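Topology and contacts: notes
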Protein chains: 4
Amino acid sequence: MTTSKASVAELKKVLRDCAFLAPYSLQVVSCDSSVCSLLVPYQPALERPGGIVSGMTLMGAADVAMWLAIMTLRGTTETWVTSDMKTAFLRSGREVDVICTANVLKSGSRTMYGTAESISASGELLAHHVLTYMRVE
Amino acid sequence: MTTSKASVAELKKVLRDCAFLAPYSLQVVSCDSSVCSLLVPYQPALERPGGIVSGMTLMGAADVAMWLAIMTLRGTTETWVTSDMKTAFLRSGREVDVICTANVLKSGSRTMYGTAESISASGELLAHHVLTYMRVE
Amino acid sequence: MTTSKASVAELKKVLRDCAFLAPYSLQVVSCDSSVCSLLVPYQPALERPGGIVSGMTLMGAADVAMWLAIMTLRGTTETWVTSDMKTAFLRSGREVDVICTANVLKSGSRTMYGTAESISASGELLAHHVLTYMRVE
Amino acid sequence: MTTSKASVAELKKVLRDCAFLAPYSLQVVSCDSSVCSLLVPYQPALERPGGIVSGMTLMGAADVAMWLAIMTLRGTTETWVTSDMKTAFLRSGREVDVICTANVLKSGSRTMYGTAESISASGELLAHHVLTYMRVE
């Protein structure tokens, strides 16, 4: 069992420093070695017609959650970028907060693979994601 | 050979009516039956650290390009939603405009499958996407 | 909590009736509602050069494991076919038995989505799969 | 424009040397720099119930076609393995020969990305595949 190489406070700082993520208001809820959970607060500005949480919001949240989950294994100074990401949209979330939790399933020094789940406040699985990250030197 | 069931002007109107897409400033460049190309203008606000066009921007553009490509086959009144989307990030685009072109490869009355390519102004393939859409009744 | 709508004995019979799967010698290990585990016995005839379990073998096992997992929810008489399948090959398995376990994450009357894990006898995750099935009427 | 680094004759020899592929009777139809086409002859032994060409057969053919397409860029002596593969099954092929053609879209010295199309003898797109390969040293 390894301990996390990044604290919630450190991951929050990483998020704050990413201007392009500001519109999403993502909040780090918790983290542990290889895992990170984000809150995606419901915002009318991010909805599709009909009050549905947009797919872009869920994909963005999953991408960030995995990025931070990797930091729990590798710290916050390396550069890791998404090389592949697949999302299955399983249910529409209507005017709901979402918790997005990423899990690293295979950890390497150059590539990482994992899953993320976007779950509504009422416990429904809205989207399931699989992601591959690569380290850039 | 079928003719497009949506004009560039109609697709531009669809885009204008989507408030959540406003930050991306996507512009419809051209369309034809089963195909739609968007311009993703470079914007510092959408970049990752280092001036790299963010993956979220490319995924969002591909998702929208496919949505509009479907409208060239089915018109603009039906409701189609993304059910699955995979993106391979192949190269980083630095401070570049991007053209994202979606192609429907299999067209059905309930599901659509296609690809999209995000290509930099200098002609490099930055990302390749495959998408499945489903019609909601 | 639902009970499985197919027993291990019934799933074994389904497998026996599939001539095209005979070369893989897949064996049903266990099942429960929404879950099915298969044993993929190591066979030199299925290996790639170097004694590596072939990717085709793992993909085939995951596809079948999900098919049977769906039967635990829907019984054995409906026709379900794979509509989409993605596999991440994470480690090479050399001359090992593999256990492939599929889990349905989203169950619908027309589509099913789930994951499968191909794990070596020594406990290593060799491949991770995500699958979508559709029901054919 | 580069010329192919492997001839049809060389690729045929590579296939003949893979015992685990023998059941599929794959035949190299043509190749060029970054492209390879295989014939997948219809065989009752590979069918699913109802005379449908099995998904495993199409996935196997696409995986091999991409492997050989990489050889047209890199020659036949390096070791390249599939790291990720996704297949969308778009139509059922019934008792038909299939041509599977792989195209490398992004060529690197360590990773390759491309698509493959499985097309029936009557010209229908049965399955669409995207694949990532990695070089093993």
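Residues numbered from 1 in each chain as written. Chains lettered and ligands numbered in written order. Predicted model: local features only at pLDDT ≥ 70, side-chain atom pairs only at ≥ 80, totals over all residues. Heavy atoms only, no water.

All right, on to the relation of the copies chain B and chain D then. Between chain B and chain D, the superposition needs a rotation of 180° and an axial shift of 0.0 Å, giving an RMSD of 0.0 Å. The relationship between the two copies is best expressed as a two-fold rotation axis. Every residue of chain B has its C-alpha some distance from the rotation axis, and the shortest such distance is that of V130 of chain B, at 4.1 Å. (Least-squares fit on C-alpha atoms with pLDDT ≥ 70 in both.)

Let's shift gears to the interface of chain B and chain D. Contacts between the two partners involve 13 residues from chain B, matched on the other side by 13 residues from chain D. Where chain B abuts chain D, roughly 1200 Å² becomes buried across the two surfaces, and 67% of that area is made up of carbon and sulfur atoms. Of all residues in chain B, K86, K106 and Y113 of chain B bury the most surface against chain D, accounting for 42% of the area lost on that side. For the pair chain B and chain D, the interface holds zero salt bridges. At the junction of chain B with chain D, the criterion picks out four residue pairs in polar contact (both at pLDDT 80 or more). Mapped onto the side of chain B that touches chain D, the elements with two or more residues apiece are β5 (79-89), β6 (98-107), β7 (111-120) and β8 (125-136) of chain B. Tallied by class, the residues present in the side of chain B that touches chain D amount to six nonpolar, two polar and five charged. (Contact = heavy atoms within 4.5 Å. Buried area = accessible area lost by both parts, 1.4 Å probe. Salt bridge = Lys/Arg side-chain N within 4 Å of Asp/Glu carboxyl O. Polar contact = N/O pair within 3.5 Å; in protein donor to acceptor, adjacent residues only side chain to side chain. Helix = DSSP H or I, 4+ residues; strand = E, 2+ residues; numbered from the N terminus. Nonpolar A, V, L, I, M, F, W, Y, C, P; charged D, E, K, R; others polar.)

With an axial shift of 0.0 Å and an RMSD of 0.0 Å, the rotation relating chain B to chain A amounts to 180°. The share of interface residues of chain B whose copies in chain A are also at the interface is 100%, consistent with both copies meeting through the same surface.

The next point concerns the interface of chain B and chain A. At the junction of the two partners, chain B supplies 24 residues and chain A supplies 24 residues. Across the chain B/chain A interface, buried area totals approximately 2100 Å², and carbon plus sulfur atoms make up 61% of it. For the interface between chain B and chain A, the tally reads two salt bridges. Among the salt bridges present, the one from K86 of chain A reaches D84 of chain B, with a minimum N-O distance of 2.7 Å. The interface formed by chain B and chain A holds seven residue pairs in polar contact (both at pLDDT 80 or more) in total.

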